Structure formats: structure tokens, C-alpha cells
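# Reading the structure
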Amino acid sequence: MNSLQALGQQSLFALEMMAVLASALSGVLGALRQRMDLVGICVCGFLAAFGGGVLRDILIDRRPFFFVEHQGVLLAVLVLSAGSAILVGRRGLESGERWLRLPDAVGLGLFSATGVHLSWIAGQPPLVAVLMGVITGSFGGVLRDLICNEIPTLFRDHRPYAVCAAAGGGVYALLTWGGAPVAAAIAACALVTTGLRVLALQLDWRLPPAERT
Amino acid sequence: MNSLQALGQQSLFALEMMAVLASALSGVLGALRQRMDLVGICVCGFLAAFGGGVLRDILIDRRPFFFVEHQGVLLAVLVLSAGSAILVGRRGLESGERWLRLPDAVGLGLFSATGVHLSWIAGQPPLVAVLMGVITGSFGGVLRDLICNEIPTLFRDHRPYAVCAAAGGGVYALLTWGGAPVAAAIAACALVTTGLRVLALQLDWRLPPAERT
Amino acid sequence: MNSLQALGQQSLFALEMMAVLASALSGVLGALRQRMDLVGICVCGFLAAFGGGVLRDILIDRRPFFFVEHQGVLLAVLVLSAGSAILVGRRGLESGERWLRLPDAVGLGLFSATGVHLSWIAGQPPLVAVLMGVITGSFGGVLRDLICNEIPTLFRDHRPYAVCAAAGGGVYALLTWGGAPVAAAIAACALVTTGLRVLALQLDWRLPPAERT
């Protein structure tokens, strides 16, 4: 690996860490809203941060999990979860919630791209690989909501989230079929996903079915 | 494989498809009742259709999943879920709900029989194989209900459903112990399960404990 | 194995059975509170008894599950669940609930110690092994609560449970690092976990965050 690649990898890792920690904070906030104790807070932080990837790895039968390979990141997520719950508290986290939107959109792109790519090279068929990308990017939040005894936001928000990841995954599949280099397909997938998510939030797009029932 | 076997396999596949799509519709209906968006509808359709088999395959460590091997069926389930939600809507699906009962009972029999058989040939002990049959046939609905934030119907309906699958699984185990051919054991399991389920609905059987608490 | 070891193993197995059956009863009670039928009762009993270990085994990719290896124990859990629900009923189980606390604390110790040990020898890093111990000891109850459509007690009880298992797991890790014999590390882990849990109940310890939100 030359030094430019190394720099790229380091920037990517920094972005990923930012996104992981932002996800963990969304989990902590969900737990605090349900008045959970320290254990519930750490579990929600963990699930929001790592749950999508763990679910994908169980489905495509891949080991070790990200949090097993990167024990330091696991420790950081647990310490951040406990620390922010005790030191900042619910009010503080809620007031900072909209600052989490951009890192969350970045994370959606990065994690979905990783998920599509890992499933693709594990030999999953295209449609399944795209689904695995969606799961990686967005099912951490689903697991967090299930633990909080709520219908997952992902399923009733009517704002595009999983759909952005699916579109990005489609771009990955098309580029890879077309013979594009792996790195380009991954980057395009992440950029399209994050870009669509940011647009969807800015322009307030809605998913069907319209609430006519 | 001779042509009679081929015909049998094709009929079986057609029956299975009918049952898979009927299950998916039950998922769509659950999602619409909770006013989910397109993403939630597809996830509920997916889980109701494939969830039991996926859970069994994770438990007996078997890959690839049915939906990975049959990408076309996966696509059909997703398209049917989205299409029926948008084109038919909740009222329409509810009025058709009792038409789903027979395909659902057929699916219970077919999926349970497949589940017992796959677990049995994977070397699981008899009681476990029967449980895996029950899970295959009935836990898609459990996962759908969990996602919809409801106590699973399977656990509080007081009408025999899992119990029919367990009885069918017992028949499979007894026949296989007795040296019956595999195809006969599978067919008997499916017929007993479906038959008991239809009887249970017709005669309005109830499970204990009676509601005396 | 000499006869003293054999005696030790038998006592351990007896203790484990007591703890497994006590867990199953906690599941039955949860199911009865939700007015579940026989199927729900057996599933809740099963999940409370075996769920933590099954989840750990899925995460560390270990097979066969305990309940697959010990079909007799599986049968005992299902029979006990159905039998206690029908013969004793909810009122009877509730009045006996505090008798379950000690076996439950013993089970927390034993299952957590097994979980840490199995994960450790499967090559998981220390922090992950400790987490797996916590999951083994305490996530059966989480799965039971999720099925019962409740926020898991483990996450909002504010009384130390998972934390006791984490402390015990830490003791295991320290002793093993320090070169202690395996049996000593396992025993210390179980004793510390159970001891802390009993103390926590006796002295009414509470976890942060205090309910100031």
C-alpha cells in the first residue's frame, strides 16, 4: 500500500468512527427516553452502532464481527454511551440531536457501501447484496427501536432512508457489472446513498403509501 | 429424475410459491394496520414469507437461505408486497383476508415438513427437528408481529397452529424411525399438519390454559 | 477423570439444572401475565432457559446448542413450562416468585462463567468474552421480555444484574491472564457474580443514571 492509499484509509477510518459514535449516541438517546438504566443505555448504544453489521454478518455467515476485530472501538462505544448518558443526560442529547443528522447520513452511506461490498465478495446474488447493504446501514436503528419497544422509525417514518441505501447499492451493482474498479463502486455507492439522504431531508421527500387509510 | 417426479416437483413448487405469497400478504396487512411506509411493508412481507426458514437456517447453521438461492422469489415477494400495499390498500386486503386461510394452512404444512426434514438430515435429534419444523412453519408470523410491536398471535391466539405443526413433525419422526421412505414421511407430515389446522379452524378448537386467571 | 472430579461435575450439573428450570419458570410467569396460550408459555419458558446461551452461540458461531446436545433438558423445560402453567397457574407461580431469586442468582453466576469461558477458549478478545458471559447469563430474560412486548427488565430495573456478571467476567479475565488454572477462574467468576447479585438484592443497590430526567 502506498502512502496516498494509507492516507485515504485513515481518513475513511476517521469518518467511520465518527459515524459509529454518532449512531451510538442515537441509541443512548432512545434508551434515555425510555428511562433505561446504565445497562440498557450501553446495549442501545451498542446495537445502534454495531447491530446492522452484526445482523449482516450473521446472515452472510461471516466472522469475526467488526466489534470483535476492533475491541478498541467497542470500548469507545460503551464508554461514550455510559459517559454521555451520565454526564450530558437526555435534555442535553436531545438539544444536540440535529447535529447528528449529517454524521448519520455519512454513516448510512459508508456502512451500506461496506455491506454491499462484503456481501458481493462473499458471493451473494446482486439483489441479496443490495439488501445486505440496506441492512448494514439501517438495521442498527431497527434493533435499537425493537429493544425500546417501539415500531422501528425506519418502517414508518415515510422519509427515505433504507431507500437511499438501496439506490446506492444499485449503483454499486451496476458499476461492478460494468467492470468498474472496486474502489470506485464502493465510493459511488456511499456518495449516492449519503447524497440522496441529505437531499431527502432537505427537500422533505415522502414515501408511499400516502396516509389515506 | 423421471418425468413423473419432475411433474411432482413442479406442482410442489407451485404450491410453495402460493403459500409464500400468501404469507407475504399477511405481512403486508400487518404493516398496513400499523400505518407503516413502503420500507416497513416490504420488511413485514419479507419476514412473514421467509422469516421462519431464515431463523431455522441460522439455528441449524445451514446456508444458503431459500431467498438467496431463489432470488426470483425474493423479488416476487418484494414486488407483491409493495404492489399490493399501494394498489390494493388495507381495506382491500382485509376483505380478502379469509381467502388467505387455506393457502396459509397449506404453507404451514409444506414449510413445517421441509423444516423437519432439513433439520433431520442435518443430524439434529428428533425433538429438535420437530421444533425446527414448527419454527419454519410458524415463526415468520412471529417475527412479523414482533416488528409490528405486538405480542405474537401464535402465542396467544389459543387456536392450534404450532401444535398442528408439532403433530405433523411427530408423524415424520415416527415414520422415519419405522423405516418409511423419505418422501412418504414428508408428505404425511405436510398432510397431517395442514389437515389438523383446517380441522382446528372448522371446529374452533382451543388450547389451554383456559382463561381463568 | 477421577471420582472426585466426577462428583464435582455431577453437583455442577445438578446446580445448572436447578438454575435452568428456575429460569424456565420465570418465562412461564411472564407468559401467563400476558395471557398467552400453551405455545407462548413453552416459547417463553424455552427462551428464558436457553435464550442467552443460544444467542451467545450464534454470536461466537458455536454449535451444537446446549439444548440440542441435551435433548432431555429441552424436554424437561417444555414439560415443566406446560405443566406448571396448567397445574399451578399464574397466582401460584407469583406467590412462589421470591423463591426463584436465589436459584436465579446461582444461574446468573453459572451461565455467565460458562459463557465467558466458552468465548475465551473460542479465541474471542477479553472484552468480548466478558460481554458474551453477560449475554449468556442475562439475555434469556431479555428475549423473554421482548416476546412479551415489554422493555426488558434487565435494561430498566436499575438494580445490578448484568453488571454483576460483567464483574465476574472481569475476575475470570484477570485470573486467566495471571496464569490461574481454568477451573479456579471459572469458579471465581461464578462465585463473584452470584455473590454480587445476592448482595445487590440484599442491600438494594441502584444503577445510574438516577431518575432525574
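These remarks concern the structure in this document. All figures in this text were calculated on a predicted structure; none of them were measured in a lab.

Bringing the relation of the copies chain C and chain A into the picture now. Turning chain C through 120 degrees and shifting it by 0.0 Å along the axis lays it on chain A, with an RMSD of 0.0 Å. Overall, the copies show the geometry of a three-fold rotation axis. Closest approach to the rotation axis within chain C is made by the C-alpha atom of C:Asn149, at a distance of 3.9 Å. The two copies present different faces, since only 13% of the interface residues in chain C are matched by interface residues at the equivalent positions in chain A.

Take the packing of helix H2 (residues 38-59) of chain A against helix H6 (residues 126-147) of chain A next. When two helices pack together, their arrangement is captured by the angle between the axes and the distance separating the axes. Residues and elements named next belong to chain A. For the pair H2 and H6, interaxial distance at closest approach is 7 Å and the crossing angle is 135 degrees. Here H2 is positioned oblique relative to H6, judged by the angle of their axes. For the pair H2 and H6, the crossing hand works out as right-handed. Here Cys44, Leu47, Ala48, Gly51, Gly52, Gly53, Leu55, Arg56 and Leu59 of H2 come into contact with H6, specifically with Met132, Ile135, Thr136, Phe139, Gly140, Leu143, Arg144 and Ile147.

Here the focus is the interface of chain C and chain B. In this assembly, 29 residues from chain C lie in contact with 30 residues from chain B. Of the roughly 2,400 Å² buried between chain C and chain B, counting both surfaces, carbon and sulfur atoms make up 66%. Taken together, the connections running from chain C to chain B amount to zero salt bridges. The interface formed by chain C and chain B holds eight residue pairs in polar contact (both at pLDDT 80 or more) in total. Elements with a minimum of two residues in the side of chain C that touches chain B: helix H2 (38-59), helix H3 (66-69), helix H4 (71-95) and helix H6 (126-147) of chain C. Considered class by class, the residues forming the side of chain C that touches chain B number 18 nonpolar, five polar and six charged.

Chain C puts 30 residues into the contact, and the matching count from chain A is 29 residues. Around 2,400 Å² of area is buried between chain C and chain A when both sides are counted, 66% of it from carbon and sulfur atoms. For the interface between chain C and chain A, the tally reads zero salt bridges. The interface formed by chain C and chain A holds eight residue pairs in polar contact (both at pLDDT 80 or more) in total. Elements with a minimum of two residues in the side of chain C that touches chain A: H2, H6, helix H7 (153-156) and helix H8 (162-177) of chain C. Take the side of chain C that touches chain A: its biggest share by element is seven residues, from H6(C). Looking at the side of chain C that touches chain A residue by residue, the class counts come to 19 nonpolar, four polar and seven charged.

Summed over the entire model, instances satisfying the criterion amount to 24 aromatic pairs over all chains. Measuring from centroid to centroid gives 5.5 Å for A:Trp120 and A:Tyr172, while their planes differ by 70 degrees, and the two rings are edge-to-face. Taken as a pair, A:Trp120 in helix H5 (residues 101-121) and A:Tyr172 in helix H8 (residues 162-177) lie far apart in primary sequence, 52 residues in all. Through a chain of ring-to-ring contacts, the aromatic side chains of A:Phe46, A:Phe50, A:Phe65, A:Phe66 and A:Phe67 assemble into a single cluster. The cationic tip of B:Arg98 hangs over the ring face of B:Trp99; the distance from NZ or CZ to the ring centre is 5.8 Å.

Moving on to the relation of the copies chain C and chain B. Aligned on chain B, chain C shows an RMSD of 0.0 Å; the corresponding rotation is 120 degrees and the shift along the axis is 0.0 Å. Both copies present different contact surfaces, since only 14% of the interface residues of chain C are interface residues in chain B too.

Following the sequence through the fold, A:Asp37 ends up in the loop between helix H1 (3-33) and H2. Buried charge without a partner: A:Asp37 forms no salt bridge, and the closest opposite charge is C:Arg159, 8.3 Å away. Reaching out from A:Asp37, the side chain makes a polar contact with the backbone nitrogen of A:Val39 at a distance of 3.0 Å. Beyond its immediate stretch of four places on either side in the chain, A:Asp37 contacts C:Leu154, C:Phe155, C:Arg156, C:Asp157, C:His158, C:Arg159, C:Leu207, C:Pro208 and C:Pro209.

Scoring rules and cut-offs
- For every chain, the first residue of the written sequence is number 1, and numbering continues from 1 onward in sequence order.
- Chains and ligands are labelled by the order in which they are written, letters from A for the one and numbers from 1 for the other.
- Side-chain atom pairs in this predicted model are given and counted only at pLDDT of 80 or more, local residue features only at pLDDT of at least 70, and totals for whole chains, interfaces and linings cover all residues.
- Hydrogens and waters are ignored; side-chain quantities use all the structure's heavy atoms.
- Least-squares fitting of one copy onto the other uses the C-alpha atoms of those residues that reach a pLDDT of at least 70 in both copies.
- Should any heavy atoms of two residues lie within 4.5 Å, those residues are counted as being in contact.
- Orientation is described by lines fitted to C-alpha atoms, with helices fitted over the stretch in contact, and by angles between N-to-C directions that extend from 0 to 180 degrees.
- Numbering of helices and strands starts at the N terminus; helices are DSSP runs of H or I of at least 4 residues and strands are runs of E of at least 2.
- Each angle is binned into one of four classes, with values under 35 degrees roughly parallel, values over 145 roughly antiparallel, values of 65 to 115 roughly perpendicular, and all other values oblique.
- Put simply, a crossing is left-handed when the front helix is turned counterclockwise from the back one by less than a right angle, and right-handed when it is turned clockwise.
- The term buried area refers to how much accessible surface (probe radius 1.4 Å) is lost by two components on association, counted for both of them together.
- A pairing counts as a salt bridge when a side-chain nitrogen of Lys or Arg comes within 4 Å of a carboxyl oxygen of Asp or Glu.
- Between N or O atoms, a polar contact is any pair within 3.5 Å; within protein, one atom must be a potential hydrogen donor and the other a potential acceptor, and residues adjacent in sequence are included only when both atoms are from side chains.
- Residue polarity follows a fixed list, in which Ala, Val, Leu, Ile, Met, Phe, Trp, Tyr, Cys and Pro are nonpolar, Asp, Glu, Lys and Arg are charged, and the others, Gly among them, are polar.
- Note on aromatic contacts: the rings of Phe and Tyr and the six-membered ring of Trp form a pair at centre separations within 6.5 Å, being stacked when their planes are under 30 degrees apart, edge-to-face when over 60 apart, and tilted otherwise.
- Either the NZ atom of lysine or the CZ atom of arginine qualifies as a charge over a ring when it sits within 6 Å of the ring centre and within 35 degrees of the ring normal.
- For every residue, the accessible area (1.4 Å probe, protein chains only) is compared with the maximum for its type, and the residue is labelled buried under 20%, exposed over 50%, or partly exposed between those bounds.
- Only four residue types enter the charge count: Lys and Arg as positive, Asp and Glu as negative, with His and the chain ends excluded.

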